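# Residue-level structural notes
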Amino acid sequence: MNRETERTPGGGLSRRAFLVQTGAAAALLKGGLRVPLAFAQEPVPGKELLVVRSERPLNLETPLRELTSWLTPTDRFFVRNNYDAPALDATQWTLQVEGEVDRPLTLRLDDLKKLEPVTQVVTLECAGNGRGFHTPKASGIQWERGAVGTARWGGVRLADILRMAGVRPAGRHVALDGADKPPSPAAPDFIRSVPIWKALEPHTMVAFEMNGQPLPPLHGFPARVVVPGWIGSASVKWITHIRVIRDEFDGPFMKRSYRAPRAEDEKETYSLQSLEVKSVILQPADGQQVPAGSVTVAGWAWAGEGELAGVDVSTDGGQSWKPARLVGEAHRYAWRGWEYAWEAKAGQHTVMARATDSYGRIQPPQPKWNPLGYRWNVIHAVRVTVG
C-alpha cells in the first residue's frame, strides 16, 4: 500500500483500517462504478483498478490490461471471498493441527517462522474464471478473464507441519478451515479438503508473505494455504484449523460447490482439483488497431497440475496455427510468458492463442457448459484491425 496502515498495538488492524482493507467499506472504482453513499469516501486501498464483482462478500477482478507483469502486483491481484474477510490479530492467531495425527499441535506465527522457509512463485486462479462467458448464463459470480494472478509466496511447507504432528496411516485427506465466518448460523462453514498426497507435495505451503510483504487482510493475513496447480478455493485463506481425516471432507463446499460433471457421464460430478490448461492474449488488445508490419502477439499461459508444453497462435481465425516462443522465467506452478512475431497485413484479423500441456490437454474451440460455470478455458480470440 502507498499509505501507512492503521494498526492496533498488538499488530492487528484498527477497526477503521479493517473495514477499508477488507472491503466492508465499499469502493469507488474506475469506470464510474458507484457504491452506497455511506461508503463513498472510502475506496479499497490499493484495489482501485479492480472491477467489483460483488460488494459483500467482496470479490474483485483484475482487468486483463492490468496483468502485464510476470508477478502480479499485490494491489492488482484479484480477490475471491466466499464470506467476509475476518479481522485477525497476528499476536493472538493460532493454527490448530488435529485429527488423525499422533501429536496435535497449536502453533503461533513465530512457531511457523522457525521452520525451514520456502519462497515460490505460484499462479492462483478461481475455478469460475471465465464464467461470465457461458451461454446460457451459469450460476455464480460473473468473472471474465481476470480472476487469476501470480505472486511470490513466502512461508513454510505444509508437509513439515504435518510431519511435526505425525500423520497416522488412516489420514488420507486434509481438511482446511479459515477464520472467515458464515453470515448466519444456518450457513455452512467454508471448509475444503485436499488428498494427503497433495498436502505432502513439497510445493504445497502455509504462506504468510506475498510479494515480499506480510499477507494483506484480503489475501489471508496472517497466514493462508497455497495449493499450487489447483483451483483457488483449495488455497484457504486466514487458516486456523488443519484436520487430518480419513475421507474427503463431507461438507457443502466439497459435495455441492466446486464440482463439475464428468466427461464420461454428465450425471456424475467430481470435486474440482487441477486447473485447466489456458492461455490469454495481452497484446494486441481486443479491438485494437495496429500498423502493418511486424507485430508482437504476447500473453500468459499456465497448466495446473500439468506442465506447459507450448502455445500456438493463429492470425487467420483458426485456419492455421504456428508455435509461439515461450519467454521469461519458468516455474513449475506459475504462468509462463509467450510471444509470436506476426507480419501483419492490412485488414481485419482474428488473432487466437491456445495452450497445450504435458498431459496432452489443449484449449478447446468451444465451451463445455455446466450449471456452475467452471472450467472455462476456451481458446482466447481478439479482433485486430491492421493498417
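## Observations regarding the overall build of the chain
Per the secondary structure count, the chain includes 5 helices and 23 strands. Taking all 387 residues of the chain together, 52% fall into the buried category. Taking the contacts inside the chain whose residues are at least 6 apart along the sequence as the reference set, 68% of them involve residues at least 24 apart. Total accessible area computed for the chain in this model is approximately 17,700 Å², and 51% of it derives from carbon and sulfur atoms.

## Observations concerning the confidence of the model for the chain
For the chain, mean pLDDT is 90; residues scoring 70 or higher make up 89% of the total. Averaged over each element, pLDDT in the chain is lowest for helix α1 (residues 15-22) (39) and highest for strand β11 (residues 224-226) (99). Predicted confidence is poor over residues 1-42, with pLDDT under 50, and the contacts of this stretch with residues over four places away or in other chains come to 81 contacts.

## Concerning the nonpolar core
Core analysis: the largest hydrophobic core is formed by 68 residues, its most contacted members being Leu 112, Trp 153 and Ile 239. A total of 5 residues in this core trace back to one element, the largest contributor, which is strand β9 (residues 205-210). Formed by 20 residues, the second largest nonpolar core is a distinct cluster that contains Ala 303, Trp 338, Val 351 and Val 382.

## Focus: the pairing of strand β1 (residues 51-54)
Bridge analysis of β1 against strand β2 (residues 59-61) gives 3 bridges, and the strand direction is antiparallel. Across the sheet, the residue bridging to Ser 54 is Asn 59, located in β2. Connecting β1 to the next strand, β2, in antiparallel fashion are 4 residues.

## So, the sheet that holds strand β23 (residues 380-386)
Read across the sheet, 5 strands follow the order β16-β23-β22-β18-β19 without closing on themselves; strand pairing throughout is mixed. Two strands bound the open sheet, and with one partner strand each, they are β16 (289-290) and β19 (322-323). As paired strands, strand β18 (residues 308-314) and β19 are joined by 2 bridges and run antiparallel to one another. Considered in β19, the bridge of Asp 312 is made with Pro 323.

## Side note on the packing of aromatic side chains
The geometry of an aromatic ring pair is captured by the separation of the ring centres together with the interplanar angle, meaning the angle of the planes. What the rule picks out here adds up to 11 aromatic pairs. Pairing Phe 190 with Phe 253 gives two aromatic rings, centres 4.7 Å apart and planes at 65 degrees, and the pair type is edge-to-face. Of this pair, Phe 190 sits in the loop between β7 (173-178) and β8 (191-195) while Phe 253 is found in helix α5 (residues 252-255), placing the two residues 63 residues apart along the sequence. On the basis of relative accessible area, Phe 190 is assigned to the buried category, the value being 6%. Ring pairing ties together the aromatic residues Tyr 83, Phe 190, Phe 253, Tyr 258 and Tyr 374, which thus form one cluster. Positioned over the ring face of Phe 208 is Lys 113, at 5.6 Å from the centre of the ring. Directly above the aromatic system of Tyr 333 lies the positively charged group of Arg 332, at a separation of 4.3 Å from the ring centroid.

## Section: the pattern of salt bridges
Applying the stated criterion to the full structure yields 26 salt bridges. Among the salt bridges present, the one from Glu 276 reaches Arg 361, with a minimum N-O distance of 3.9 Å. Of the two residues, Glu 276 is situated in the loop between β14 (269-271) and β15 (278-283) and Arg 361 in the loop between β22 (347-357) and β23; the sequence distance between them amounts to 85 residues. For Glu 276, a relative accessible area of 15% gives the class buried. With its nearest N and O atoms 2.9 Å apart, the salt bridge here joins Arg 383 to Asp 286. Here the residue Arg 383 occupies a position in strand β23, and Asp 286 occupies one in the loop between β15 and β16, the gap between them amounting to 97 residues.

## Details of the sheet that holds β15
In space, the 4 strands of this open sheet follow the order β15-β17-β21-β20, with antiparallel pairing throughout. Each having just a single partner strand, β15 and β20 (325-327) make up the two edges of the open sheet. The mean inter-strand angle of the sheet, taken between neighbouring strand axes irrespective of direction, is 35 degrees.

## Regarding helix α3 (residues 158-165)
With 6 of 8 residues buried, α3 lies mostly within the body of the structure. Among all positions of α3, only Leu 158, Ala 159, Asp 160, Ile 161, Leu 162 and Ala 165 are buried. At the C-terminal side of α3, Gly 166 shows a positive phi close to 75 degrees.

## Regarding the side chain of Arg 131
Along the polypeptide, Arg 131 turns up in the loop between β5 (117-125) and β6 (148-157). At 9.3 Å, Glu 61 is the nearest oppositely charged side chain to Arg 131, a buried residue that forms no salt bridge. At 2.8 Å, the side chain of Arg 131 forms a polar contact with the backbone oxygen of Ile 141. Setting aside its immediate chain neighbours within four residues, Arg 131 contacts Ala 138, Ser 139, Gly 140, Ile 141, Gln 142, Trp 143, Leu 372, Gly 373 and Tyr 374.

## With respect to the side chain of Thr 72
Looking at the element boundaries, Thr 72 is found in the loop between β2 and β3 (95-99). Among all residues touching Thr 72, those that are not within four sequence positions of it are Leu 67, Phe 77, Gly 149, Thr 150, Asn 211 and Trp 335.

## Structural notes on the environment of Arg 361
Relative accessible area serves as the criterion here: at 22%, Arg 361 is assigned to the partly exposed category. Placed 85 residues apart in sequence, Arg 361 and Glu 276 show a C-alpha to C-alpha distance of 8.2 Å. Excluding its chain neighbours within four sequence positions, the residues that come into contact with Arg 361 are Ser 274, Leu 275, Glu 276, Val 277, Ala 303, Gly 306, Ala 355 and Thr 356. At a separation of 3.2 Å, a polar atom in the side chain of Arg 361 contacts the main-chain carbonyl oxygen of Leu 275.

Criteria and cut-off values
Along each chain, residues carry numbers from 1 onward, in the same order as the chain's sequence is written. Predicted model: local features are reported for residues with pLDDT of at least 70 only, side-chain atom pairs are reported and counted for 80 or more only, and whole-chain, interface and lining totals are derived from all residues. Heavy atoms throughout the structure, all of them, feed into the side-chain values; hydrogens and water do not. Numbering of helices and strands runs from the N terminus, with a helix taken as a DSSP run of H or I at least four residues long and a strand as a DSSP run of E at least two residues long. Only protein chains enter the area calculation, which uses a 1.4 Å probe; residues under 20% of their type maximum are buried, those over 50% are exposed, and those in between are partly exposed. Pairs of residues are marked as contacts when any of their non-hydrogen atoms sit within 4.5 Å. Calculation of accessible area relied on Shrake-Rupley with a 1.4 Å probe; when residues are assessed, cover is drawn exclusively from the protein chains displayed. Summary of the metric used: pLDDT quantifies the predictor's per-residue confidence within the range 0 to 100. The criterion is simple. A nonpolar core is a set of buried Ala, Val, Leu, Ile, Met, Phe, Trp, Tyr and Cys residues joined through side-chain atoms within 4.5 Å. When DSSP finds two or more bridges between two strands, those strands count as paired. To pair, rings of Phe, Tyr and Trp, with the six-membered ring standing in for Trp, must have centres within 6.5 Å; the planes then decide the type, stacked if under 30 degrees apart, edge-to-face if over 60, and tilted in the middle. Counting as a charge over the ring demands two things of the Lys NZ or Arg CZ atom: a distance within 6 Å of the ring centre and an angle within 35 degrees of the ring normal. Between Lys or Arg on one side and Asp or Glu on the other, a salt bridge is scored when a side-chain nitrogen of the former is within 4 Å of a carboxyl oxygen of the latter. Here, axes are lines fitted to C-alpha atoms. For helices the fit covers the stretch in contact, and angles between N-to-C directions go from 0 to 180 degrees. Only four residue types enter the charge count, namely Lys and Arg as positive and Asp and Glu as negative; His and the chain termini do not. Under this definition, polar contacts are N or O atom pairs within 3.5 Å; protein pairs additionally need one hydrogen-donor-capable and one acceptor-capable atom, and for neighbouring residues in sequence, both atoms have to be side-chain atoms.

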